[in-house]
Amino acid sequence: MSQIAIPCSTYRIQFHKGFTLDQGNDIVDYLNQLGITDLYSSPLQKASPGSTHGYDVVDHSIVNPEVGTFEKFQHLSKNLGKHNMGLLLDIVPNHMGIQNIQENPKWTDVLENGWLSVFSH
């Protein structure tokens, strides 16, 4: 049985199109030198275009293409692991981006079909 790691010192990163997974990966060595034990990340799911915070999710199933790809997320995660650092990923499953309804077909379906929507349960 593996031991549960308890974060000792975290560093918060707000990923968006101006600060991507690649840029987060670039500072892992520096954070490790500072003694940071865990990276605390904003949500990484696909958010409304241009989102600066990531809490306006339009698709929970994919990484926000404005911040990177699933492969870039895996690279960041592996790099953190090489430094014995953890990743705390902020996830708020009930947050939805509705600014552009075409970006969020599941929400549109709930609005159009109410309780009959397959996404309402």
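To be clear, the structure that these remarks concern was listed above.
Just so it is clear, the structure is predicted and the values come from calculations on it, not from any experiment.

Each value, and the rule that gives it
- Residues numbered from 1 in each chain as written.
- Predicted model: local features only at pLDDT ≥ 70, side-chain atom pairs only at ≥ 80, totals over all residues.
- Heavy atoms only, no water.
- Pairing = 2+ DSSP bridges.
- Helix = DSSP H or I, 4+ residues; strand = E, 2+ residues; numbered from the N terminus.
- Salt bridge = Lys/Arg side-chain N within 4 Å of Asp/Glu carboxyl O.
- Axes fitted to C-alpha atoms, helices over the stretch in contact; angles between N-to-C directions.
- Buried < 20%, exposed > 50% of the residue type's maximum accessible area, 1.4 Å probe, protein only.
- Contact = heavy atoms within 4.5 Å.

(A) Representation of the pairing of strand 2 (residues 38-41) in the model. The sheet contact formed by strand 1 (residues 10-13) and strand 2 spans four bridges and is parallel. Across the sheet, residue Ile13 finds its bridge partner in strand 2, namely Ser41. With four bridges joining them, strand 2 and strand 5 (residues 86-89) adopt parallel strand pairing. By the bridge assignment for strand 5, Ser41 is matched with Leu89.

(B) Expanded view of the pattern of salt bridges. Summed over the entire model, instances satisfying the criterion amount to one salt bridge. Residue Lys72 pairs with Asp22 through a salt bridge whose shortest N-O separation is 3.0 Å. In this pair, Lys72 is assigned in helix 3 (residues 70-82) and Asp22 in helix 1 (residues 21-26), connecting sequence segments 50 residues apart.

(C) Here's a closer look at the sheet that holds strand 5. Strand order in the open sheet made by the three strands is 1-2-5, with parallel pairing throughout. Since the sheet does not close on itself, it has two edges, and those belong to strand 1 and strand 5, each with one partner. Sheet twist, expressed as the mean angle between neighbouring strand axes with direction ignored, is 25°.

(D) Representation of unusual backbone geometry within the structure. In this structure, Asn84 takes a positive phi of about 55° despite not being glycine. Tracing the chain through its elements places Asn84 in the loop between helix 3 and strand 5.

(E) Spatial organisation of the environment of Gly114. When you line up the elements, Gly114 lands in the segment after helix 4 (105-113). For Gly114, a relative accessible area of 28% gives the class partly exposed. With near-sequence residues (within four places) excluded, Gly114 lies in contact with Asp109 and Ser120.

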